[in-house]
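Coordinate analysis (summary)
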Amino acid sequence: MSLGKDTLLRIDLGKPDEPNQVELGRKDEAKVYKMFLDHTGSHLLIALNTSECLYLNRSVQKVRALSRWKGHLIESVGWNKFLGSETNTGPILVGTSHGQIYEAEISVSEGSLFSTNPDQYFRQVYTLEEESGPAPVCCLEIERGLEGKFFIIATTRKRLFQFVGKVPEGTEQQGFSSIFAVHADHLPSFREFPANLGFSEIAFYTPKLRSNPRSFAWMMGNGVLYGTLDYSRPDSILSDERVWVYPPDIDITVNKPISIVLTQFHFLLLLPDRVKAVCTLNGQVVFQDLFLEKFGLLTRMIKDPTVQQIWIHTEKVVFRYHVQRESRDVWKMYMNMNKFDLAKEYCKDRPECLDIVLAKEAEHCFQNKRYLDSAKCYALTQNYFEEIALKFIEAKQEEALMEFLIKKLSNLKPSEKTQTTLLTTWLTELYLNWLGILQGDLSQRNLYLDTREKFRTFLSSPKNKDCLFNNRASIYELLASHGDTEHMVYFAVIMQDYERVVAHHCQHDEYDEALNVLSRHRDEKLFYKFSPVLIQHIPKKVVDAWISMGSRLDARNLIPALVNYSQSASTQQINEAIRYMEFCVYQLEETQQAIHNYLLSLYALCRPDSLLSYLEQAGTNPNRIHYDLKYALRLCAEHGHHRACVHIYKVMELYEEAVDLALQVDVDLAKSCADLPEDDEELRKKLWLKIARHVVQEEKDVKKAMACLSSCALLKIEDVLPFFPDFVTIDHFKEAICNSLEDYNKHIEELKREMEEATQSAKRIREDIQEMRNKYGSVEPQEKCAACDFPLLNRPFYLFLCGHMFHYDCLLQAVFPNLPAYKQAKLEDLQKKLAATSQPSKSHHRPKDADTNSLGKGQQSREQIKADIDDIVAAECVYCGELMIRSIDKPFIDPQKYEEEMQSWL
């Protein structure tokens, strides 16, 4: 800031409380004409009215004259924003009052404060002219576009020039001479206006620091030329240009504008006593600030590109403007210009404004017959639903109405269930009507297919799933009323209502399709329900499907279908039922009795050979057999399967019935049955007698009857003889009789030998008993009881062969707790009897003979009681016998007294 003829004031906005004054060091009458500060604040050029120029770097306090620049009155400077640094400006452009454009470079030496000549070079590259000749270069701007292309904008009082050219990569430091050289022989492109302010000024709007400007505003005699900058254009970056004339109260002959600043949506004009803000969208004045006379006349307005602040100063005062919420009302202007996308962009955070824009856009589209776009916008507004719907109905725009309903449905909240149901049902009806109309018109086949796809997308939409499921009955009715079975099936699949799908296929004899649905979704209940129908028509495929389901199906629930099918089908078809039952029994290892019984019935009916093998495979243990034995017996008897009946009799252990029935089939089968009761010789003999009787009386085969004798050791010839008729000669069984007599003789001899052995054994036992009676042991006087450690001879005692000795009462105390309950009771009873016999008789008047007899009986009884007690108590040594072995796992402390014992130790 220039404070007069010889002083500059520098203020760092980061440190506003530390201003810095710099002296120009001039002693002549020179005054500051203009000052030019680069965008970084590092370089300052000071143009004097004496056609001299000074330079001041941010890091120094002393200004330096630029000798090469002398003789030129500087009007504008185009700073290099791409190559400049804090010590070097890079190639820059300088405009003079005589129309010359010079290229220059200023550099600060690293070795000293300044080099000898800060201005590295200063050469002319072009001259700007108007119709009257050279004109002052009012403004210069350098911008870089795509692919190394540079754009240079220069203005005079009435013209705006553009210089476009490429600077080869790596040669940017060499300057812009090559760009101006292209236009040496012909004028560059320019815009010219007739009116003249005597000067002009151009301003640019840059949205972000270090980015390219987006728009421009050129203040000249006819008004303000405003436009955007398009860097993709080949010859000119100026685009969407239009001239906004000055407001009516501005007369360029009296109060011409002094300066201009451009913001995102406005340009500010500086007048001598006021500031006006004009909207770039409509040219209207939206702000005006009048300054009092005491501040003096306004002289300059500039914009800080870094913080986007605007500075205005007079000769006395400096003012600062800060732009806030500039775009708050922009949406209205865009809306009135029918630029609805931009309007929505600038009011997206204000729902009430956005609703107004959407309503205006919807109405605009409706009036221009863009009904689908109108429907999409209406769906986002808060306008009355009924009013909008009626509007489309009156216009007969059913497709647009559907679009409106779809968008409205997508915007509903989950809590708005009633509205969701209404829209869903209505849309379904509209889709069905529209499909019905299109289906009969072959010329609109593609539209029909597209509409059908949209309808199916609507039905399968996850957002509509809950509503459609809750109202599926109504949807089914709508589909049925339109006769649209195709979509009824499609909807049923979406709703997972496979029962309806399968029923539909069955009604239309599409049994394979029905089975495919069942197999795909594997629902057990549906298999149970539809198997009776399907197996009548495609039995093999149905059984294959059952088998693929494996254990997920309960075969018991499929038996009714199989029974119904097997009763009306041929043997070949019944084989399918057998195949599934065999799968259940052998693969799934089913144990349900109903399944095994049904398989038995099928075997009995169609496969007798498989019946016996099945029964034999099931085994003979009734506890491990899964079929009903009685049912199987009755079934086999009804169909005359005797061998199977014999097997079942054997399992039931009804051997007599088995032999009786086997004799009707095969004698060998009967023989195998007769040997089964191994533990009951009497029954075995009886069964073999039945076989012998049959062989003798029915087959009249004596040799076979004799073979029976050799097959069973229990039969004797005398058992079989009664069955033979009287006329049979002895020659036929002479050998058998002799063998029988020899057996008897051997048996008698064996009995004699056993009797002799028994006699000798009894003799040895008597000798051992006598020896035991004479056996004795010696006890020393100092011997002690093994239990109580007191002298043994003080009380009655026991001496064991192992050497342990116990008092009677000590042994009783040790043995009693370990005896079984019944022996404990018996021991107590014997002790009571012994105590009773030891009491003296209370009768003093008995005869002597009677007393003697009574004493003898009592003495005998007392001895017997003692012997019984000894058998219980002294049967074995308490330390060496089984009693000690059985007590190994017995706790030392009784579990019932454990807590009490534990507390006594604490």
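Keep in mind that what you see is a predicted model, and the values were worked out from it rather than measured.

Side note on the overall build of the protein chain
Scanning the protein chain for helices and strands turns up 33 helices and 29 strands. Counting only residues that meet the buried cut, the protein chain has 40% of its 906 residues in that class. Contacts in the protein chain between residues far apart in sequence, at least 24 positions, make up 48% of those at least 6 positions apart.

Considerations on the pairing of strand E9 (residues 100–106)
Burial analysis of E9 places seven of its seven residues in the buried class, the great majority of the element. Neither face of E9 is left uncovered, since the one carrying Gln 100, Tyr 102, Ala 104 and Ile 106 and the one carrying Ile 101, Glu 103 and Glu 105 both have all their residues buried. Counted along the chain from strand E8 (residues 92–96) to the antiparallel partner E9, the turn is three residues long, and its residue Gly 99 has a positive phi close to 90 degrees. Across seven bridges, E9 lies against strand E10 (residues 119–127) in antiparallel orientation. Paired with Tyr 102 across the bridge in E10 is Gln 124.

Topic: the pattern of salt bridges
Applying the stated rule across the entire model yields 29 salt bridges. Ionic pairing is found between Asp 512 and Lys 541, a salt bridge with its closest N-O pair at 3.2 Å. Of this pair, Asp 512 sits in helix H14 (residues 511–521) while Lys 541 sits in helix H16 (residues 539–549), placing them 29 residues apart in sequence. Relative accessible area serves as the criterion here: at 36%, Asp 512 is assigned to the partly exposed category.

Describing the pairing of strand E26 (residues 309–314)
As defined by bridge partners, strand E25 (residues 298–304) adjoins E26 across six bridges and the pair is classed as antiparallel. The residue bridging Asp 304 from the neighbouring strand is Gln 309, located in E26. The turn joining E25 and E26, which pair antiparallel and follow one another in sequence, is formed by four residues; a positive phi near 60 degrees is taken by Gln 308. Sheet analysis places E26 next to strand E27 (residues 318–322), joined by five bridges and oriented antiparallel. When the bridges of E27 are listed, Trp 311 appears paired with Arg 320. Counted along the chain from E26 to the antiparallel partner E27, the turn is three residues long.

Some points on the packing of aromatic side chains
Tallied over the entire structure, the rule returns 28 aromatic pairs. With a centroid separation of 5.7 Å and 65 degrees between ring planes, the pair formed by Phe 366 and Phe 392 is classed as edge-to-face. Here Phe 392 lies in helix H6 (residues 385–394) and Phe 366 lies in helix H4 (residues 351–367), a separation of 26 residues in the sequence. By relative accessible area, Phe 366 is classed as buried at 14%. Judged by its relative accessible area of 1%, Phe 392 falls in the buried class. Taking the centre distance of 5.6 Å and the plane angle of 25 degrees together, the rings of Phe 385 and Phe 404 count as stacked. Taken as a pair, Phe 385 in helix H6 and Phe 404 in helix H7 (residues 398–411) lie far apart in primary sequence, 19 residues in all. An aromatic cluster is present here, built from Phe 366, Tyr 371, Tyr 378, Phe 385, Phe 392, Phe 404 and Trp 426 joined pairwise through their rings. A cation sits over an aromatic face here: Arg 123 above Tyr 121, 4.2 Å from the ring centre. It is Lys 391 that lies over the ring of Phe 366; its NZ or CZ is 4.8 Å from the centre.

What about the sheet that holds strand E19 (residues 223–229)?
Judged by pairing direction, the sheet is antiparallel, and its four strands sit side by side in the order E17-E18-E19-E20 without closing on themselves. Both outer strands of the open sheet, strand E17 (201–205) and strand E20 (238–244), are each paired with one neighbouring strand and no more. Each strand axis lies, on average, 20 degrees off the axis of its neighbour in the sheet, ignoring direction.

Quick notes on the side chain of Asp 304
Mapped onto the fold, Asp 304 is located in strand E25. Among buried charged residues, Asp 304 stands out as having no salt bridge; its nearest opposite-charge side chain is Arg 320, 8.3 Å away. Not counting the four nearest positions on each side in its chain, Asp 304 is found in contact with Leu 13, Gln 309 and Trp 311.

So, unusual backbone geometry
Positioned with a positive phi, Arg 325 is a non-glycine residue whose angle comes to about 45 degrees. Considering the arrangement of structural elements, one finds Arg 325 in the loop between E27 and helix H2 (330–336). With relative accessibility at 61%, the residue Arg 325 sits in the exposed group. Of note in the backbone geometry, Glu 589 takes a positive phi value of approximately 55 degrees without being a glycine.

As for the packing of helix H19 (residues 593–606) against helix H20 (residues 608–618)
Packing of H19 against H20 brings their axes to within 6 Å, and their N-to-C directions diverge by 140 degrees. In terms of orientation, H19 and H20 fall into the oblique class. Judged by residue contacts, His 596, Leu 599, Leu 600, Tyr 603, Ala 604 and Cys 606 of H19 engage Pro 608, Ser 610, Leu 611, Tyr 614 and Leu 615 from H20. Here the contact of H19 with H20 is built from residues that sort into nine nonpolar, two polar and no charged.

Some details on the environment of Leu 269
Among the structural elements, Leu 269 can be located in strand E22 (residues 266–270). What makes Leu 269 buried here is its relative accessible area of 0%. Leu 269 has contacts with Met 219, Val 224, Tyr 246, Pro 247, Ile 250, Ser 259, Ile 260, Arg 274, Val 275, Lys 276 and Met 301, leaving out every residue within four places of it along the chain.

With respect to the confidence of the model for the protein chain
Caution applies to low-pLDDT parts of the model: their predicted coordinates are not meant to be read in detail. Overall, the prediction assigns the protein chain a mean pLDDT of 81, with 88% of residues at 70 or greater. For residues 841–859, every residue scores under 50 in pLDDT, and the model assigns this stretch three contacts once sequence neighbours within four places are set aside.

As for the nonpolar core
Core analysis: the largest hydrophobic core is formed by 108 residues, its most contacted members being Phe 392, Phe 404, Leu 534, Trp 546, Tyr 580 and Met 581. When residues of this core are assigned to their parent elements, the largest contribution, eight residues, is made by helix H18 (residues 571–587). Those residues in contact with Tyr 580 that sit more than four places away from it in its chain are Val 543, Trp 546, Ile 547, Leu 553, Ala 555, Leu 558 and Leu 562. Within the second largest apolar cluster, 22 residues are counted, among which are Leu 819, Leu 830, Ala 874 and Leu 883.

Describing the sheet that holds strand E5 (residues 53–57)
Overall, antiparallel pairing links the four strands, which are arranged E3-E4-E5-E6 in an open sheet. Unpaired on one side and paired on the other, strand E3 (32–37) and strand E6 (64–65) mark the two borders of the sheet. Sheet analysis places strand E4 (residues 43–48) next to E5, joined by five bridges and oriented antiparallel. In the sheet register, Leu 44 faces E5, and the bridge partner there is Leu 56.

Parameters at a glance
- Residues numbered from 1 in each chain as written.
- Predicted model: local features only at pLDDT ≥ 70, side-chain atom pairs only at ≥ 80, totals over all residues.
- Heavy atoms only, no water.
- Helix = DSSP H or I, 4+ residues; strand = E, 2+ residues; numbered from the N terminus.
- Buried < 20%, exposed > 50% of the residue type's maximum accessible area, 1.4 Å probe, protein only.
- Contact = heavy atoms within 4.5 Å.
- Pairing = 2+ DSSP bridges.
- Salt bridge = Lys/Arg side-chain N within 4 Å of Asp/Glu carboxyl O.
- Phe/Tyr/Trp six-rings, centres within 6.5 Å; stacked < 30°, edge-to-face > 60°.
- Lys NZ or Arg CZ within 6 Å of the ring centre and 35° of its normal.
- Axes fitted to C-alpha atoms, helices over the stretch in contact; angles between N-to-C directions.
- Lys, Arg positive; Asp, Glu negative; His and termini not counted.
- Parallel < 35°, antiparallel > 145°, perpendicular 65-115°, else oblique.
- Nonpolar A, V, L, I, M, F, W, Y, C, P; charged D, E, K, R; others polar.
- pLDDT = per-residue confidence, 0-100.
- Core = buried A, V, L, I, M, F, W, Y, C linked by side-chain atoms within 4.5 Å.

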